[in-house]
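Summary of structural features
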Amino acid sequence: MRWLWTPAWIARHVAMVVLVVGFLGLGWWQISRATAGNSLSWGYAVEWPIFAGFVVYVWWREVKLARRRAAEPDAPPAAPATEPEPVVTAGSRPAVRRPVRVSRVPAGGEAVDDSDLAAYNHYLSWLNANPGARPGDYSG
């Protein structure tokens, strides 16, 4: 558990405590405003403790994830991948691999006559041919 007391983790712990105390203080402030007659503050009085709870949840998840990562080096190494990773040394350029070609297969079946699509495509080609025109100028 020493890794929880590194400078980075101490900063995280301090940030979590400051945020939780601040959010709960803002929630208390909103409750005092709500009891003074500001009805909108009731919603904020509920939100601030939820934010504080979210900060605690995120902090707890980070601690849990860090504990899991700390335990991983004790686990046996994973099986090697089928392709070994290329060795990259300082100053070397990464290998450029062959591009993957995707075969284009035409859509099977009969061609569907779509007059609406043809009219829309005609309208788009008209707009492209007349860049300064407005859509209301289209004669259709």
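The model shown is predicted, which means the values in this text are computed figures rather than measured ones.

Cut-off values and rules
- Residues numbered from 1 in each chain as written.
- Predicted model: local features only at pLDDT ≥ 70, side-chain atom pairs only at ≥ 80, totals over all residues.
- Heavy atoms only, no water.
- Helix = DSSP H or I, 4+ residues; strand = E, 2+ residues; numbered from the N terminus.
- Buried < 20%, exposed > 50% of the residue type's maximum accessible area, 1.4 Å probe, protein only.
- Contact = heavy atoms within 4.5 Å.
- Core = buried A, V, L, I, M, F, W, Y, C linked by side-chain atoms within 4.5 Å.
- Phe/Tyr/Trp six-rings, centres within 6.5 Å; stacked < 30°, edge-to-face > 60°.
- Patch = residues over 30% accessible without salt bridge, like charges linked within 9 Å, V, L, I, M, F, W, Y side chains within 5 Å.
- Areas by Shrake-Rupley, 256 points an atom, 1.4 Å probe, with all protein chains shown as cover.
- Salt bridge = Lys/Arg side-chain N within 4 Å of Asp/Glu carboxyl O.
- Expected span 1.5 Å × (residues − 1).
- Polar contact = N/O pair within 3.5 Å; in protein donor to acceptor, adjacent residues only side chain to side chain.
- Axes fitted to C-alpha atoms, helices over the stretch in contact; angles between N-to-C directions.
- Parallel < 35°, antiparallel > 145°, perpendicular 65-115°, else oblique.
- Left-handed = near helix turned anticlockwise from the far one by under 90°.
- Nonpolar A, V, L, I, M, F, W, Y, C, P; charged D, E, K, R; others polar.

Let us look at the overall build of the protein chain. If you tally the helices and strands in the protein chain, you get three helices and zero strands. Reading the secondary structure of the protein chain in the N-to-C direction produces α-α-α. Looking at the protein chain as a whole, 12% of its 140 residues are labelled buried. Taking as baseline every contact in the protein chain between residues at least 6 positions apart, the subset at least 24 positions apart corresponds to 46%.

Before going further, it helps to spend a moment on the nonpolar core. The tendency in soluble globular proteins is for nonpolar side chains to be buried side by side. The biggest cluster of nonpolar side chains holds five residues, and these are Met16, Val20, Phe23, Ala52 and Val55. When contributions to this core are tallied by element, the ones reaching two or more residues are helix 1 (7-35) and helix 2 (41-71). Top contributing element to this core by residue count: helix 1, with three residues. Apart from the residues within four sequence positions on either side, Phe23 is in contact with Trp48, Phe51, Ala52 and Val55.

This part takes up the side chain of His13. Within the secondary structure layout, His13 lies in helix 1. His13 gets classed as buried once you look at its relative accessible area, which sits at 14%. The contact partners of His13, leaving out residues within four places of it in the chain, are Leu4, Trp5 and Trp59.

The next subject is the packing of aromatic side chains. Describing an aromatic ring pair means giving the distance of the ring centres and the angle of the ring planes. Counting across every chain of the model gives six aromatic pairs. Their ring planes at 40° and their centres at 6.4 Å tell us that Tyr57 and Trp60 sit as a pair that is tilted. Here Trp60 and Tyr57 lie together in helix 2, a separation of three residues that amounts to about one turn. Classification of Tyr57 by relative accessible area gives partly exposed; the value is 40%.

The subject of this paragraph is a nonpolar patch on the surface. Side chains of Trp5, Ile10, Val14 and Val18 sit close together on the surface and give an oily, nonpolar patch of about 420 Å² of accessible area. Mapped onto the elements of the fold, Val18 is located in helix 1.

Between its first and last C-alpha, helix 3 (residues 115-129) extends 21 Å over 15 residues, near the 21 Å set by a 1.5 Å rise per residue. Near the N-terminus of helix 3, the side chain that reaches the backbone nitrogen of Asp116, with its oxygen 3.4 Å away, is that of Asp114.

The next thing to look at is the packing of helix 1 against helix 2. In contact at an axis separation of 7 Å, helix 1 and helix 2 are set at 165° when each is read in the N-to-C sense. Judged on the interaxial angle alone, helix 2 and helix 1 are roughly antiparallel. Where helix 1 crosses over helix 2, the two elements pack in a sense that is left-handed. Considering only residue class, the contact of helix 1 with helix 2 consists of 21 nonpolar, five polar and three charged.

Positionally, Ile50 belongs in helix 2. For Ile50, a relative accessible area of 54% corresponds to the exposed category. For the pair Ile50 and Gly27, spaced 23 residues apart in sequence, the C-alpha to C-alpha distance is 9.3 Å.

Moving on: helix 1. The terminal C-alpha atoms of helix 1, which comprises 29 residues, lie 42 Å apart, in line with the 42 Å expected from a rise of 1.5 Å per residue. Restricting attention to buried positions, one finds in helix 1 the residues Trp9, His13, Met16, Val20, Phe23, Gly27, Gln30 and Ala34. At its buried positions, helix 1 is contacted by helix 2. Gly37, located one to two residues past helix 1, shows a positive phi value of around 120°.

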